[in-house]
Amino acid sequence: QVQLVESGGGLVQAGGSLRLSCAASGRTFSSYAMAWFRQAPGKEREFVAVISKFGGSTVYADSVKGRFTISRDNNKNTVYLQMDSLKPEDTAVYYCAAAPTTGWGDHLKSRNWYNYWGQGTQVTVSS
C-alpha cells in the first residue's frame, strides 16, 4: 500500500554531512508519520527521528539531537534526514518507515508502530 525507497547514503569522513531521502508512493503520504531508524551489524534496529504528518512536530534520539534534522515535503511525497557532524558511531543502514497513526507521542519511537519500511541505505563514517 505504501512503497518507500531510501537514497543518499554513502561514505563520509567524521565531521562531514549527508542528506538522506525517502521517496514514498501514493497520494495519501500526509496520512502517515514518517521516521528514520538505523541498524548496525549485530545490533538492534534503533530509533533516530520521527516527524508528524504535516511536519509540525519532531522527536529525535538523544544520540543525534542537535546534529540530525528530519523534514518532509508532502507535495513531493518525500522525507529527509539531514545529518551533520557525523561520527563513526553513526555508521549503520538507515531505514525510513511510515506509521498510519492518528496520534502523536513517545510510542512512535517504537518500530512496532510502523507498517511500512524501505530497503535501507548504507551510511559509513570513517575515522
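Criteria and cut-off values
Residues numbered from 1 in each chain as written. Predicted model: local features only at pLDDT ≥ 70, side-chain atom pairs only at ≥ 80, totals over all residues. Heavy atoms only, no water. Helix = DSSP H or I, 4+ residues; strand = E, 2+ residues; numbered from the N terminus. Rg over C-alpha atoms; globule rule 2.2 N^0.38 Å. Buried < 20%, exposed > 50% of the residue type's maximum accessible area, 1.4 Å probe, protein only. Contact = heavy atoms within 4.5 Å. Areas by Shrake-Rupley, 256 points an atom, 1.4 Å probe, with all protein chains shown as cover. Lys, Arg positive; Asp, Glu negative; His and termini not counted. Charge placed at Lys NZ, Arg CZ, Asp CG, Glu CD. Pairing = 2+ DSSP bridges. Axes fitted to C-alpha atoms, helices over the stretch in contact; angles between N-to-C directions. Phe/Tyr/Trp six-rings, centres within 6.5 Å; stacked < 30°, edge-to-face > 60°.

Observations regarding the overall build of the protein
Next, step 1: On a plain count of helices and strands, the protein comes out with zero helices and eleven strands.
Next, step 2: Taking 14 Å as the expected radius of gyration for a compact globule of 127 residues, we find that the protein reaches 13 Å, a close match to that expectation.
Next, step 3: Judged by the C-alpha coordinates and their principal axes, the protein covers about 40 × 25 × 25 Å.
Next, step 4: Every one of the 127 residues in the protein was classed for burial, and the buried ones make up 44%.
Next, step 5: Residue pairs at least 24 apart in sequence account for 60% of intrachain contacts in the protein once pairs closer than 6 positions are excluded.
Next, step 6: For the protein, the exposed surface amounts to about 6,600 Å²; the carbon and sulfur share of it is 45%.
Next, step 7: Computed over 13 positive and 9 negative side-chain charges, the separation of the two mean positions in the protein equals 6 Å.

Examining the sheet that holds strand β7 (residues 68-73)
Next, step 1: Taken in spatial order, the four strands line up as β1-β3-β8-β7 in an open sheet, and their pairing is antiparallel. Of all strands in the sheet, those with a lone pairing partner are β1 (4-7) and β7, marking the two edges. For this sheet, the mean inter-axis angle between neighbouring strands, taken without regard to orientation, is 15°.
Next, step 2: Bridge count for β1 against strand β3 (residues 18-24) is four bridges, and the pairing is antiparallel. Bridge assignment links glutamate 6 to a residue of β3, and that residue is cysteine 22.

Description of the pairing of strand β5 (residues 46-51)
Next, step 1: Of all six residues making up β5, five are buried, and the element is well covered by its neighbours.
Next, step 2: Taken together, strand β4 (residues 33-39) and the strand that follows it, β5, pair antiparallel across an intervening segment of six residues, in which glycine 42 is found at a positive phi of about 75°.
Next, step 3: With three bridges connecting them, β5 and strand β6 (residues 58-60) associate as antiparallel partners. Along β6, the bridge assignment pairs alanine 49 with tyrosine 60.
Next, step 4: Joining the antiparallel neighbours β5 and β6 is a turn of six residues, in which glycine 55 adopts a positive phi near 85°.

With respect to the packing of aromatic side chains
Next, step 1: Applying the stated rule across the entire model yields five aromatic pairs.
Next, step 2: On the numbers, 6.0 Å between centres and 80° between planes, the contact of tyrosine 32 with tyrosine 116 is edge-to-face. One end of the pair, tyrosine 32, is in the loop between β3 and β4; the other, tyrosine 116, is in strand β10 (residues 116-117), with 84 residues separating them in the sequence.
Next, step 3: Judged by relative accessible area, which is 9%, tyrosine 32 ranks as buried.
Next, step 4: Residue class for tyrosine 116 comes out buried when judged on its relative accessible area of 17%.
Next, step 5: Residues phenylalanine 37 and phenylalanine 47 carry aromatic rings whose centres are separated by 5.7 Å and whose planes lie at 75° to one another, so their mutual orientation is edge-to-face.

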